[in-house]
Amino acid sequence: MKKHPVSLTVNTDTYDLLIEPRKTLLATLRDTIGLTGTKEGCSTGDCGACTVIVDGKAVTSCMMLGVSANGKEITTVEGLASRDQLHPIQQAFIDKGGYQCGFCTPGFIVASKAYLDENPNATEAEIRHALGNNICRCTGYTKIIEAVMSAAEAMRNA
Amino acid sequence: MRNFEFFEPTTIEDASALLTKYNGKAKLLAGGTDLIIEMKARTATPEYVISLEKIPELADITYDEESGLRIGALTKLRTLEKDSIIRERYTALAEGAGEVGGVQIRHLATIGGNISHGSPAADTAAPLLVLGAQVRIASADGERTVPIELFFLGPGQTVLETGEIVTAFECPPRSANEGSQYIKQKIREVMDLAFVGVASSAKSDNGTVSEVKIGLAAVAPTPLRATDAEAMINGNSLTPELLEQAAAAASAQSSPISDLRCSAEHRREMVGVLTRRTLQAAAALAQG
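Please read all numbers here as calculations on a predicted model, not as lab measurements.

Basis of the calculations
For every chain, the first residue of its written sequence is number 1, and the numbers climb from 1 along that sequence. To label them, take the chains in the order written and letter them from A, then take the ligands in the order written and number them from 1. In keeping with the predicted nature of the model, local features appear solely for residues at pLDDT of at least 70, side-chain atom pairs appear and are counted solely at 80 or more, and the whole-chain, interface and lining totals rest on all residues. Comment: elements are numbered from the N terminus, with helices defined as DSSP H or I runs of at least four residues and strands as E runs of at least two. Atoms counted for the radius of gyration: C-alpha only. Globule rule: 2.2 Å times residue count to the power 0.38. By the convention adopted here, residues make contact when the C-beta atoms placed from their backbones lie within 7 Å. Exposure is read from a count of other C-beta atoms within 10 Å of each residue's own; the residue is exposed at 12 or fewer, buried at 20 or more and partly exposed in between. C-beta atoms are placed from the backbone. Pairing between two strands requires that DSSP report at least two bridges joining them. Every angle, taken between N-to-C directions, lies between 0 and 180 degrees, and every axis is a line fitted to C-alpha atoms, over only the stretch in contact when it is a helix.

### Description of the overall build of chain A
A count of helices and strands for chain A gives five helices and five strands. The order of helices and strands in chain A, counted from the N terminus, is β-β-α-β-β-β-α-α-α-α. A globule of 158 residues ought to have a C-alpha radius of gyration of about 15 Å, and chain A, at 16 Å, matches this closely. The principal-axis extents of the C-alpha atoms in chain A amount to approximately 50 × 30 × 25 Å. The contacts of chain A with a sequence gap of at least 6 include a subset with a gap of at least 24, amounting to 59%.

Right, dumping it as structure tokens:
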């Protein structure tokens, strides 16, 4: 089956790839590019572990083909920290204990980043609603929401 | 997922020609939130996938006080949910679009996909029914327009023929004295399918309501209008007695099934409840 040339920017790097159409964006990021921070959970769009930002919008990368990402700008969890400083959302997840096993964490952090960029003054109810596409199976969501609320505040005051 | 050949035509004519050429072996790709899942589960195994994303005229929303609203089929549900004109004048549609999946899914999923998939539970279907939507359909041979009432034939079945593509939805202009609302009955706040979805639209006319439309989803083989209830209400004021009668009439026009999520009895009951609530809300919005 014919492979397709795909050029996409992930975080700050541009990749020129030749990929099979059946490869999802998630598989392209993990297997072809080697960025394994983005996780595969349910693979059916329900759990949000595979969330990445495509042209400014959070999407479940298991539901998007790699060939459909041609020419697009993608941010993964690897692209959030600057050289020696974690992103405020990452720092807040540590400070508030917003994780246990950590598998859902990249998806939560990336979904939160995209949502707070869109709505920096989000209320707790809005954050809960916006993160409804992300599932954590270890624990409740209290610490996760606390982390996002506190990151939002830190980002507003920065 | 089985492998397939991937096409990205830039015109509707080219997309339609490919769809006709590979009749039965090809699938259209819009947002992918249904198709890619079906391909992974191998309930869909197309040999050819035709992406519509590179066709520019499928993406726009335009509004004009004369000609009304035109929504390109590839418009993302998240865009509809946030569009200020749609929120203000076509409120039920913004609400329906915002009820699908979660944020990440709505950034991918399109209104054309939500409708073309033919699900009786599609969250944009009842809103489009009450907003008087016309479905624009194109093929290599030309275009046709089908009222949304006639678009659905059964679960997963629509009037689309080989080579035909939904290109847009057109709704008549709406004035400030018209209101609409959609309510979805569900368990989870997000990421759930409707047990029952009801939309109502009404125009306020000196204490009475007119141009009443009621749309029902997930309670029959296709989304449908509760025409008996509409006829009862048109030209009258919304008294509690009349609302009760309309609720009962809407309920009687539904034909729900029992399944894992909910019993038919509960669905029928909720059609009545949500008909009453959405009518009241639509009328209140219409009064401003």
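### Details of the overall build of chain B
In terms of helices and strands, chain B carries 11 helices and 14 strands. Relative to a compact globule of 288 residues, whose C-alpha radius of gyration would be 19 Å, chain B shows 19 Å and is just as compact. The dimensions of chain B, computed from C-alpha atoms along their principal axes, are 60 × 45 × 30 Å. Residues classed as buried in chain B amount to 53% of the 288 residues present. A separation threshold of at least 6 residues defines the contact pool for chain B, and within that pool the share at least 24 residues apart is 65%.

### A short note on the sheet that holds strand β4 (residues 57-60) of chain A
Residues and elements named next belong to chain A. Here five strands make up an open sheet; going across it, the order is β2-β1-β5-β3-β4 and the pairing mixed. Only two strands of the sheet have a single partner each, and these edge strands are β2 (13-19) and β4. Adjacent strand axes in the sheet meet at a mean angle of 40°, parallel and antiparallel pairs treated alike. With two bridges joining them, strand β1 (residues 4-10) and strand β5 (residues 73-75) adopt parallel strand pairing. By the bridge assignment for β5, T9 is matched with E73. Against the sheet, helix α1 (residues 25-33) makes contact with β1, β2 and β3 (51-54), and its axis sits at roughly 95° relative to β2, the strand it touches most. Sitting on the sheet, helix α3 (residues 105-118) touches β3 and β4, and the angle it makes with β3 is about 35°.

### A word on the interface of chain B and chain A
If you look at the interface, chain B gives 24 residues, while chain A gives 27 residues. Where the side of chain B that touches chain A is concerned, the elements lending two or more residues are β1 (5-7), α2 (35-40), β3 (48-51) and α6 (103-106) of chain B.

### A few points about unusual backbone geometry
One non-glycine residue, A:S43, lies in positive phi territory at about 70°. A:S43 sits in the partly exposed class, given 19 other C-beta atoms within 10 Å. Of note in the backbone geometry, B:R42 takes a positive phi value of approximately 60° without being a glycine. Relative to the helices and strands, B:R42 resides in the loop between α2 and β3. Under the C-beta neighbour-count criterion, B:R42 is labelled exposed, with 9 such atoms within 10 Å.

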